[in-house]
Amino acid sequence: DFGPGGSRIVQRVDVSGDGTTAGTNDGHGTHVSCTVLGDGSRISTYEGVAPEAELYMQAMEDDETGTLAGPGVYTLLNTAYSSGGARIHSNSWGGYDSGGDYTTQSEDADDRTSTWDQYWTYEGMTVLFAAGNEREDGISPPGTAKNVITVGAHVNRYSSADEMYYWSSRGPTDDGRIKPDLVAPGDYVRSCKAQEAVNAPDNLNDQWYVEYSGTSMSTPAAAGA
């Protein structure tokens with residue numbers, strides 16, 4: 001789905017330091033990437049939103065622990081901008097139990113995006129973050145940043161398209177700003193199954209695709225759009 005032989009993958013970077021970029025747990029990164037730009041090569045109705053785009057993948061999951069690790073938002077964005085040539089940066093991750101706090105990670109996201117926006121010597125970069133799946137407990141940072149597009153999730157069925165996904169985090173932020181900025185389809189989203197993912201469910205009875213729900217799924221839909 002990423003082109004013959006993965007031809008539309010510009011680079012895969014192991015930012016977690018676990019020695020691999022493979023999605024050996026549940027294939028979360030593969031699923032969200034395919035929502036942005038998969039071409040539906042095996043089932044055309046599962047085509048991503050921007051099926052001719054290219055992918056610079058930063059693999060953040062430590063396969064042994066299932067936790068996220070990396071150099072921090074400042075370096076993630078800088079590297080994607082400079083080394084990867086990315087101008088849209090989609091992030092399906094965030095902190096837990098933050099209560100919508102504006103953290104140093106949020107501040108770093110604002111620093112990079114505002115710098116690239118302000119000065120004519122730079123091209124801008126649109127940065128998106130998932131709102132989180134903590135319902136009334138607040139937006140997950142770095143989605144609390146001021147200059148990023150924070151994405152919540154709505155139900156992904158025609159009859160209920162105006163209904164929020166139950167677990168999608170609600171705003172406002174801790175300092176009173178309205179977040180999320182927008183919502184996108186995040187409920188029962190069908191996308192690529194990482195073939196090495198040992199914990200991916202078989203909820204579609206299909207070797208190549210799997211169904212997940214959450215703001216992780218709605219964020220790449222918005223990024224592709």
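One structure accompanies this document, and this report is about it. Since the model is a prediction, treat every value here as computed from it, not as a measurement.

Calculation rules
- Residues numbered from 1 in each chain as written.
- Predicted model: local features only at pLDDT ≥ 70, side-chain atom pairs only at ≥ 80, totals over all residues.
- Heavy atoms only, no water.
- Core = buried A, V, L, I, M, F, W, Y, C linked by side-chain atoms within 4.5 Å.
- Buried < 20%, exposed > 50% of the residue type's maximum accessible area, 1.4 Å probe, protein only.
- Helix = DSSP H or I, 4+ residues; strand = E, 2+ residues; numbered from the N terminus.
- Contact = heavy atoms within 4.5 Å.
- Disulfide = S-S within 2.5 Å.
- Axes fitted to C-alpha atoms, helices over the stretch in contact; angles between N-to-C directions.
- Parallel < 35°, antiparallel > 145°, perpendicular 65-115°, else oblique.
- Nonpolar A, V, L, I, M, F, W, Y, C, P; charged D, E, K, R; others polar.
- Expected span 1.5 Å × (residues − 1).

1. Section: the nonpolar core
With 18 residues, the main nonpolar core has Leu77, Ala109, Met125 and Phe129 as its most contacted residues. Of all the elements in the fold, those that place two or more residues in this core are helix H2 (73-82), helix H3 (104-118) and strand E4 (126-130). A total of five residues in this core trace back to one element, the largest contributor, which is H2. Leave out the neighbours within four places in its chain, and Met125 touches Leu77, Tyr81, Ala86, Arg87, Ile88, His89, Thr113 and Trp116. Met57, Leu128, Ala184 and Ala222 belong to the second largest nonpolar core, which has 16 residues in total.

2. Things to note about the state of the cysteines
A complete count under the given rule lists one disulfide for this structure. Between Cys34 and Cys192 runs a disulfide, and the two sulfur atoms are separated by 2.0 Å. A residue pair is termed long-range when its members are at least 10 positions apart, and Cys34 in helix H1 (residues 28-37) and Cys192 in strand E7 (residues 189-192) qualify at 158 residues. The same class applies to Cys34 as to Cys192, namely buried.

3. Some words on the packing of H2 against H3
Where H2 meets H3, the axes come as close as 8 Å, and the angle between the chain directions of the two elements is 30 degrees. One element, H2, and the other, H3, form an angle in the roughly parallel class. Residues Val73, Tyr74, Leu77, Asn78 and Tyr81 of H2 form the contact with H3, whose participating residues are Gln105, Asp108, Ala109, Asp111, Arg112 and Trp116. Per-class residue counts for the contact of H2 with H3 are six nonpolar, two polar and three charged.

4. Concerning H3
With 15 residues, H3 extends 21 Å between its outermost C-alpha atoms, agreeing within 8% with the 21 Å of an ideal straight helix rising 1.5 Å per residue. Looking at the buried positions of H3, the neighbouring elements they touch are H2 and E4.

5. Some words on unusual backbone geometry
The omega torsion across Pro141 and Pro142 is 5 degrees, close enough to zero to call that bond cis. Counting through the fold element by element, Pro142 comes out in the loop between E4 and strand E5 (149-154). Cis peptide bonds are those with omega within 30 degrees of zero, and the linkage from Gly171 to Pro172 qualifies with 0 degrees. Relative to the helices and strands, Pro172 resides in the loop between E5 and strand E6 (182-185). With a phi close to 50 degrees, Asp97 is a non-glycine residue in the positive phi region. Looking at the element boundaries, Asp97 is found in the loop between strand E3 (88-91) and H3. For Asp97, a relative accessible area of 66% gives the class exposed. Notably, Arg135 is not glycine yet its phi reads approximately 50 degrees, a positive angle. Turning to its location among the elements, Arg135 is positioned in the loop between E4 and E5. Given the relative accessible area of 23%, Arg135 is considered partly exposed.

The analysis is restricted to geometry; functional conclusions fall outside its scope.
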